[in-house]
Amino acid sequence: MSPAGEKPLVLIGLMATGKSTVGRRVAVRHGWRFVDTDAVIVDRHGSIAEIFAQRGESGFREVEAAVVAEVLSGADGNTVVSLGGGSVLHERTQELLSMALVAYLDADVATVLPRLEGDTGRPLLADGAGEVWARLDRERRPVYEALADLVIDTRDATIDDVVNRLEEQVHRLGPAEGKDHGNDR
Ligand code: S3P
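Residues numbered from 1 in each chain as written. Predicted model: local features only at pLDDT ≥ 70, side-chain atom pairs only at ≥ 80, totals over all residues. Heavy atoms only, no water.

## Considerations on the sheet that holds strand S3 (residues 79-82)
Sheet strands line up and pair through hydrogen bonds in the backbone, either parallel or antiparallel. The strand order S2-S3-S1-S4-S5 describes an open sheet built from five strands, whose pairing is parallel. Sheet topology places strand S2 (33-36) and strand S5 (150-153) at the edges, where each strand pairs with a single neighbour. The mean angle between the axes of side-by-side strands here comes to 20 degrees, regardless of whether they run parallel or antiparallel. Where strand S1 (residues 9-12) lies against S3, three bridges are found, and the strand directions are parallel. (Pairing = 2+ DSSP bridges. Helix = DSSP H or I, 4+ residues; strand = E, 2+ residues; numbered from the N terminus. Axes fitted to C-alpha atoms, helices over the stretch in contact; angles between N-to-C directions.)

## Structural notes on the side chain of threonine 111
Looking at the secondary structure, you find threonine 111 in helix H5 (residues 109-116). Filtering out sequence-adjacent residues up to four positions away, threonine 111 remains in contact with Thr154, Arg155 and Asp156. (Contact = heavy atoms within 4.5 Å.)

## Looking at the pattern of salt bridges
Applying the stated criterion to the full structure yields 14 salt bridges. The partner of aspartate 106 in a salt bridge is arginine 141, with the nearest N and O atoms 2.8 Å apart. Linking aspartate 106 in strand S4 (residues 101-106) with arginine 141 in helix H6 (residues 129-147), this pair joins segments that are 35 residues apart in sequence. Taken as a pair, aspartate 106 and arginine 141 share a single burial class, namely buried. Its salt-bridge partner being glutamate 145, residue arginine 141 comes within 3.6 Å of it at the nearest N-O pair. Here the residue arginine 141 and the residue glutamate 145 both occupy positions in helix H6, the gap between them amounting to four residues, near one helical turn. For glutamate 145, a relative accessible area of 42% puts it in the partly exposed group. Three or more residues joined by partner-sharing salt bridges are found here, namely Asp106, Asp108, Asp137, Arg141, Glu145, Asp153 and Arg155. (Salt bridge = Lys/Arg side-chain N within 4 Å of Asp/Glu carboxyl O. Buried < 20%, exposed > 50% of the residue type's maximum accessible area, 1.4 Å probe, protein only.)

The following block contains the structure:
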């Protein structure tokens, strides 16, 4: 059973906050299934840059919403899911997240910028990674915070630190609360 009891553990947050690396690490450590929704999209539809180039951002969001809904609907207590940073803006995704234990990986520009150097796989950042990331942070932070059951501070933290902080916070909820921890969204 996942750290979240019968609920899947779902990681949200902006690009390059470590969602996939941390999610995979937690899943491997406990023998749970790990699903990265961006990876599912790429497997099925080609690279994210190609999808943006061919269908625009709105086309990408349609594909993304469908994949995320499928993954979240099929996720059980043995699953850890990492969501693409913008997927939480979709209403259906927000509804489905009410059935998960949602952890927000909170970061700042200084922490993510070194990871974004030379990154060509994230079309949204093409016009200046630092500025765009900071703008998206301002725009989306309220959404992430509203959806989150747990907020994990990743500033100046190694991936191991983040994994440990996440596990500590989930553990603190306890299995009973993890199953039915309730929140007011
Ligand atoms: C996006 C985040 C990316 C990817 C796409 C758009 C966003 O995923 O889905 O480039 O809108 O924040 P990661 O958060 O995994 O980088």
